[in-house]
Amino acid sequence: MDIVVKGRKTEVPERFRKHVAEKLNLEKIQKLDGKVMSLDVEVSKEPNPRQADRCDRVEITLRSRGPVIRAEAAASDPYAALDLAAEKLDARLRKQHDKRFSRRGARRISAAEVPDHVPGVATLNGAGESVPSDQPEGVPTKKIGSLEVQGDGPLVVREKTHVAAPMTLDQALYEMELVGHDFYLFVDSETKEPSVVYRRHAYDYGVIHLSTDTMVTESGSPEAGGTLGG
């Protein structure tokens, strides 16, 4: 397995690539996770002079047969940012390794065993309302990603599709901590419905569950759905 180093809107010198290979010890990483398939390092630079102390950002993404582990950090130079990101990656790898062995014998449900699928993306207009099949003539409709937008609609910057096995709330919180994000979208193993866990103030967490309401669907209420907050 090789380490792929790439720059986003910046050049990556050969000296830094060699430093990455020395800093991220593949043998040590594979001892903590023997199913690693790829390790990507992305370097980016913030052009804003007010962000001089955090102008260089390094994001490390480790993909294996288990969950994706991501660690990122920003500093005044790429070498310091790499050191910080590598420390985060090591801590998350060890946390995953310890939990894996503490739960030895427990079986995770594979994606192939998922009996249900999350419903497809709805067709929305620019106001976020459901678009009926009989659109009035003369109003242009364009396709952005998987959305059919009538008139001036939202701009989809990035769209991703992930295959997900159902998991418990406890597992979702654990996965969120691994990737270092403030929220995590998952399929609830009890309801088979999409849910989101998110970080609130201090050390509190919140969770939003989505369920299909036929009355709301038939009425076409624009308030169907949930928002993060509170």
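Residues numbered from 1 in each chain as written. Predicted model: local features only at pLDDT ≥ 70, side-chain atom pairs only at ≥ 80, totals over all residues. Heavy atoms only, no water.

A. Expanded view of the sheet that holds strand S9 (residues 205–209). Within the open sheet, the three strands sit side by side as S7-S8-S9. Their pairing is antiparallel. The two strands at the open ends of the sheet, each matched to only one other strand, are strand S7 (183–187) and S9. Averaged over all neighbouring strand pairs, the angle between strand axes comes to 20°, with direction disregarded. Bridge count between strand S8 (residues 194–199) and S9: five bridges; the pairing is antiparallel. (Pairing = 2+ DSSP bridges. Helix = DSSP H or I, 4+ residues; strand = E, 2+ residues; numbered from the N terminus. Axes fitted to C-alpha atoms, helices over the stretch in contact; angles between N-to-C directions.)

B. Layout of the nonpolar core. If you look at the biggest cluster of nonpolar residues, it comprises 24 residues, and the most contacted ones within it are Leu-24, Ile-29, Val-58, Ile-60, Leu-62 and Leu-89. Of all the elements in the fold, those that place two or more residues in this core are helix H1 (14–23), helix H2 (26–32), strand S2 (36–45), strand S3 (56–64), strand S4 (69–75) and helix H3 (78–102). At six residues, the largest contribution of residues to this core is made by H3. If sequence neighbours within four positions are ignored, Ile-60 has contacts with Leu-24, Leu-39, Asp-40, Val-41, Ile-69, Arg-70, Ala-71, Leu-82, Ala-85, Ala-86 and Leu-89. Membership of the second largest hydrophobic core comes to five residues, among which are Ala-172, Met-176, Phe-186 and Val-197. (Core = buried A, V, L, I, M, F, W, Y, C linked by side-chain atoms within 4.5 Å. Buried < 20%, exposed > 50% of the residue type's maximum accessible area, 1.4 Å probe, protein only. Contact = heavy atoms within 4.5 Å.)

C. Representation of the confidence of the model for the chain in the model. Residues with a pLDDT of 70 or more make up 66% of the chain, whose mean pLDDT is 75. When mean pLDDT is taken per element in the chain, H1 scores highest with 91 and helix H5 (residues 214–219) scores lowest with 56. Taken together, the stretch residues 109–126 has pLDDT below 50 and engages in 32 contacts with residues farther than four places along the chain or on a different chain. (pLDDT = per-residue confidence, 0-100.)

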